[in-house]
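Breakdown of the fold
Listed here are the chains, written in short residue letters.
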Amino acid sequence: MKEEWIEVKLEDLLDYIQPTNYIIDSTEYNDRYKIPVLTAGKTFVLGYTNEEHNIFNNLPVIIFDDFTTASKYVNFKFKVKSSAMKILIPTSKWVDLKYVYYFMQTIQHNSDTHKRYWISIYSKLPIFLPPLVEQQAIVSKIEELFSELDNAIENLNKAKEKLEIYRQAVLKKAFEGQLTKEWRKTQSDLPLKDDLIYRIGRERELYAQKQLNDWKNEIKEWQNSGKSGKKPNKPKTREFNSEIDIKDIEELPCLPNGWFYNYLAYAGDLGRGKSKHRPRNDTKLFGGKYPFIQTSEVKAQEVITDYSQTYSDFGLAQSKLWPKGTLCITIAANIAETGFLGIDACFPDSVVGFTPFESIVDNRYIDYFFKYAKRKISAWAPATAQKNINLTILENLIIPYCSLREQKQIVSEIESRLSLCDNILENINQGLEKSEALRRSILKKSFDGKLLSKDELEQCRKDANWEPAEKLLDRIKKKSEVEE
């Protein structure tokens, strides 16, 4: 604090009003309902009313919320949600309220909030005041710098939006065959569509036969053990037509020669995770050596190696251990998020595991297709509090097929472009972080008395209304003595 500044408490500068009940007539502004109903929380404008009783016109004020200790500067007439709100009103004409508001943004408050937080704690905190003219100059400088900062942040966010549009455009072109158009011209031995369909069909037959043989072995083991435990279920087989119904694809983009549409289940095996035991939070299930992956952990990682929970042997017995490399797809809460297991792990039935026929399908190709089609898949989820889709929807998701070699080329083309996007996005995010750090730095300098230059301070002292801070302190003290 500069030597010529004075120290007072917030309660020396602000009084409060506890607001009365409020009414919201409309969630949108219109000719009839023009008066905003406010809260100090993130929503700020809760709605609008034409109820004019107890409208606040004595402006400006600060709205303070004891539950969150958030604050808003308000200079237009309004009504306010009651609850734990306080309307903070300036008690001195020698103090700039916006100066006080900006100072309040620098306070690190206790997170254990309660209804009397302003009265018992916040109002007792010290604030350092320069003369009024200097307060006003500081506010003007803060807002000038914040305006420049906001413009920079807006431009960074616009760049971020354009980057996402470009990312989606890359994926769209990839699955319409446009990214590999020139590459295909250089290839002389790509399989024809019929050959590709035959290979996929053959892989499905071999996979189905292996499942059947495994089941027969499980049956023998079950019989040899005296039929102890549950009888192994016979694997289900699904028949596929080599040509999908034209009605299902008539609105989809046309594909290059050699490509065709079919269902996701045509490309490999899809299965839901298992968590049969109830209750799901039974302590017997947890605390062992087997990683147990949640939907949030699928969303957060491209390659899933971090986890917060493990299954015990008891937990594993009622679940399934999926192998490293499995493509995980979420079907509840976070819809169609994907990630590859970087470890062997279990997961609940809110996650689907996909295992491709590796000789004909690249798992990364399928992963990128989900990133492309995510919004469409989410739209199929019912409009409930917890959005979810089911395994059948995923099995019947229509995807474009091409040769394995072209799939790998598509993945390479996608990654070369998205890698550039990621680098740009990292720079944008760093810029946004620096912007927030700069905002905090501006406020800190403001209330350390370091924001204004010598010339700007000299201009303040030349103002006809400038007076030493000691006189301001005398007025505040005299006012307090009169009120006592």
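Going by the structure above, here's the rest.
Not measured: the values here are computed from a predicted model.

Next up on the list: a negative patch on the surface. Side chains of D245, D248, E250 and E251 sit close together on the surface and give a patch of like negative charge. Relative to the elements of secondary structure, D245 occurs in the loop between α6 (193–224) and α7 (246–249).

A word on a positive patch on the surface. On the surface, K230, K274, K276 and K320 cluster together into a patch of positive charge. By the element assignment, K276 lies in the loop between β11 (268–272) and β12 (286–292).

Axis separation between helix α4 (residues 132–174) and helix α13 (residues 454–462) bottoms out at 9 Å; the angle between their running directions is 140°. Classified by the angle their axes make, α4 and α13 are oblique. α4 and α13 meet at a crossing whose hand is right-handed. From α4, V133, E134, A137 and K141 reach across to α13, where they touch E456, L457 and C460. Each residue belonging to the contact of α4 with α13 can be placed in one class, and the counts come to four nonpolar, no polar and three charged.

For the rest of this paragraph, the subject is the packing of aromatic side chains. Taken as a whole, this structure holds 23 aromatic pairs when the rule is applied. Geometrically, the ring pair formed by F175 and Y365 is edge-to-face, given 5.1 Å between the ring centres and 65° between the ring planes. Residue F175 is found in the loop between α4 and α5 (181–185), and its partner Y365 is found in helix α10 (residues 363–379); the two are separated by 190 residues along the sequence. Across this residue pair, the class does not change: F175 and Y365 are buried. By way of ring pairs, the aromatic residues F64, Y117, W118 and Y122 are connected into one cluster. Across from the ring centre of Y368, 5.8 Å away, lies the NZ or CZ of K371, which sits over that ring. One Lys or Arg, R439, reaches over the ring of F146 and ends 4.8 Å from the middle of that ring.

The subject of this paragraph is the sheet that holds strand β7 (residues 79–80). As summarised here, the arrangement of the three strands in space is β4-β3-β7, forming an open sheet in which the pairing is mixed. Sheet topology places β4 (45–49) and β7 at the edges, where each strand pairs with a single neighbour. Pairing of strand β3 (residues 35–38) with β7, which is carried by two bridges, proceeds in the parallel orientation. Paired with V37 across the two strands is K79, which belongs to β7.

At their nearest, the axes of α10 and helix α12 (residues 404–447) sit 9 Å apart, and the two run at 50° to each other. It follows that α10 is oblique to α12 by the angle criterion. When you trace α10 past α12, the crossing you get is left-handed. Judged by residue contacts, R364, Y365 and Y368 of α10 engage Q407, K408, I410, V411, I414, E415 and L418 from α12. Among the residues forming the contact of α10 with α12, the class breakdown is six nonpolar, one polar and three charged.

Summed over all chains, the structure comprises 24 salt bridges. We note a salt bridge from D362 to K408, for which the minimum N-O separation is 3.3 Å. With a gap of 46 residues between them, D362 in the loop between β17 (351–356) and α10 and K408 in helix α12 connect regions that are remote in the sequence. D362 gets classed as buried once you look at its relative accessible area, which sits at 6%. A relative accessible area of 42% means that K408 is categorised as partly exposed. Notably, a salt bridge pairs K444 with D448, separated by 2.8 Å at the nearest N-O pair.

What counts and what doesn't
- Residues numbered from 1 in each chain as written.
- Predicted model: local features only at pLDDT ≥ 70, side-chain atom pairs only at ≥ 80, totals over all residues.
- Heavy atoms only, no water.
- Patch = residues over 30% accessible without salt bridge, like charges linked within 9 Å, V, L, I, M, F, W, Y side chains within 5 Å.
- Areas by Shrake-Rupley, 256 points an atom, 1.4 Å probe, with all protein chains shown as cover.
- Salt bridge = Lys/Arg side-chain N within 4 Å of Asp/Glu carboxyl O.
- Lys, Arg positive; Asp, Glu negative; His and termini not counted.
- Charge placed at Lys NZ, Arg CZ, Asp CG, Glu CD.
- Helix = DSSP H or I, 4+ residues; strand = E, 2+ residues; numbered from the N terminus.
- Axes fitted to C-alpha atoms, helices over the stretch in contact; angles between N-to-C directions.
- Parallel < 35°, antiparallel > 145°, perpendicular 65-115°, else oblique.
- Left-handed = near helix turned anticlockwise from the far one by under 90°.
- Contact = heavy atoms within 4.5 Å.
- Nonpolar A, V, L, I, M, F, W, Y, C, P; charged D, E, K, R; others polar.
- Phe/Tyr/Trp six-rings, centres within 6.5 Å; stacked < 30°, edge-to-face > 60°.
- Buried < 20%, exposed > 50% of the residue type's maximum accessible area, 1.4 Å probe, protein only.
- Lys NZ or Arg CZ within 6 Å of the ring centre and 35° of its normal.
- Pairing = 2+ DSSP bridges.

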